[in-house]
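# Examining the three-dimensional arrangement
The primary structure of each chain is shown beneath.
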Amino acid sequence: MDSEITLLAGTAGTTIAALLATDTWNGVRNGVITLWRRARPDHEEQIAAQLDTSRQDLLGARSNGDEEAEREIAAEWQGRIRRLLVAHPELVAALRSLLTELDPGAPVIPTVTQRATASGSSRVYQAGRDLNLDQR
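These lines cover the structure that appears in this document, whether it is placed above or below. Just so it is clear, the structure is predicted and the values come from calculations on it, not from any experiment.

## Describing helix H1 (residues 2-20)
For H1, with 19 residues, the first-to-last C-alpha span of 26 Å sits near the 27 Å given by 1.5 Å per residue. For H1, every residue scored as buried is listed here: Glu4, Ile5, Leu8, Ala9, Gly10, Ala12, Gly13, Thr15, Ile16, Ala17, Leu19 and Leu20.

## Some details on the nonpolar core
If you look at the biggest cluster of nonpolar residues, it comprises 31 residues, and the most contacted ones within it are Ile16, Val32, Leu51, Trp77, Ile81, Leu85 and Leu95. No other element matches H1, which puts eight residues into this core. Other than its neighbours up to four places away in sequence, Leu95 contacts Leu8, Ala12, Leu35, Ile81 and Leu85.

## What about the pattern of salt bridges?
Overall, the coordinates contain six salt bridges when judged by the stated rule. Of the charged contacts, one joins Glu4 and Arg96 as a salt bridge, the two residues approaching to 2.5 Å between their closest N and O atoms. Of this pair, Glu4 sits in helix H1 while Arg96 is found in helix H5 (residues 92-102), placing the two residues 92 residues apart along the sequence. Each member of the pair, Glu4 together with Arg96, is buried. Note that Asp42 is salt-bridged to Arg40, the shortest N-O span being 3.4 Å. Given a relative accessible area of 58%, Asp42 falls into the exposed group.

## Description of the environment of Thr6
Along the polypeptide, Thr6 turns up in helix H1. A residue is classified by how much of its surface remains accessible, and Thr6, at 32% relative accessible area, is partly exposed. Sequence separation between Thr6 and Leu85 is 79 residues; the distance between their C-alpha atoms is 8.9 Å. Each residue touching Thr6, except ones within four places of it in the same chain, is listed here: Gln78 and Arg82.

## A closer look at the packing of H1 against helix H4 (residues 67-87)
Running from amino to carboxyl end, H1 crosses H4 at an angle of 140°, the nearest separation of the two axes being 7 Å. Judged by the angle between their axes, H1 and H4 are oblique. In this structure, H1 crosses over H4, and the sense of that crossing is right-handed. Here Asp2, Ile5, Thr6, Leu8, Ala9, Gly10, Ala12, Gly13, Thr14, Ile16 and Ala17 of H1 lie close against H4, whose contacting residues are Ile73, Ala74, Trp77, Gln78, Ile81, Arg82, Leu85 and Val86. Taken together, the residues of the contact of H1 with H4 break down into twelve nonpolar, five polar and two charged.

What counts as what
- Residues numbered from 1 in each chain as written.
- Predicted model: local features only at pLDDT ≥ 70, side-chain atom pairs only at ≥ 80, totals over all residues.
- Heavy atoms only, no water.
- Helix = DSSP H or I, 4+ residues; strand = E, 2+ residues; numbered from the N terminus.
- Expected span 1.5 Å × (residues − 1).
- Buried < 20%, exposed > 50% of the residue type's maximum accessible area, 1.4 Å probe, protein only.
- Core = buried A, V, L, I, M, F, W, Y, C linked by side-chain atoms within 4.5 Å.
- Contact = heavy atoms within 4.5 Å.
- Salt bridge = Lys/Arg side-chain N within 4 Å of Asp/Glu carboxyl O.
- Axes fitted to C-alpha atoms, helices over the stretch in contact; angles between N-to-C directions.
- Parallel < 35°, antiparallel > 145°, perpendicular 65-115°, else oblique.
- Left-handed = near helix turned anticlockwise from the far one by under 90°.
- Nonpolar A, V, L, I, M, F, W, Y, C, P; charged D, E, K, R; others polar.

In structure tokens:
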């Protein structure tokens with residue numbers, strides 16, 4: 001589940017950062033605040049302020065052509081979302097729904113499930129990404 005959360009948080013961070021500079025930023029702001037409110041209602045005002053600051057920083061970065069600042073803002077939101085999901089994995093479905101609502105054309109992050117059965121002398125190797133084996 002951790003790799004799924006990391007992938008989902010990456011998509012969320014990029015989507016949030018990209019949409020904060022658009023006409024739909026109020027919807028982004030409200031959706032993220034609602035998500036946070038479900039797990040951490042005591043942080044609602046702090047998240048709202050961080051979203052507003054990120055929007056202002058993003059608009060300034062875009063007007064100056066500062067692509068690195070855009071990537072940093074996306075990375076900040078990726079980290080925030082990942083930490084929220086690690087602490088509250090029950091919010092994964094709500095975040096998926098929010099991302100689909102905010103950016104319907106974006107690809108949906110698939111849920112990965114792996115199962116394997118080994119018997120006798122067989123071996124099973126599974127990986128969600130890279131797998132390096134050194135058997136001699």
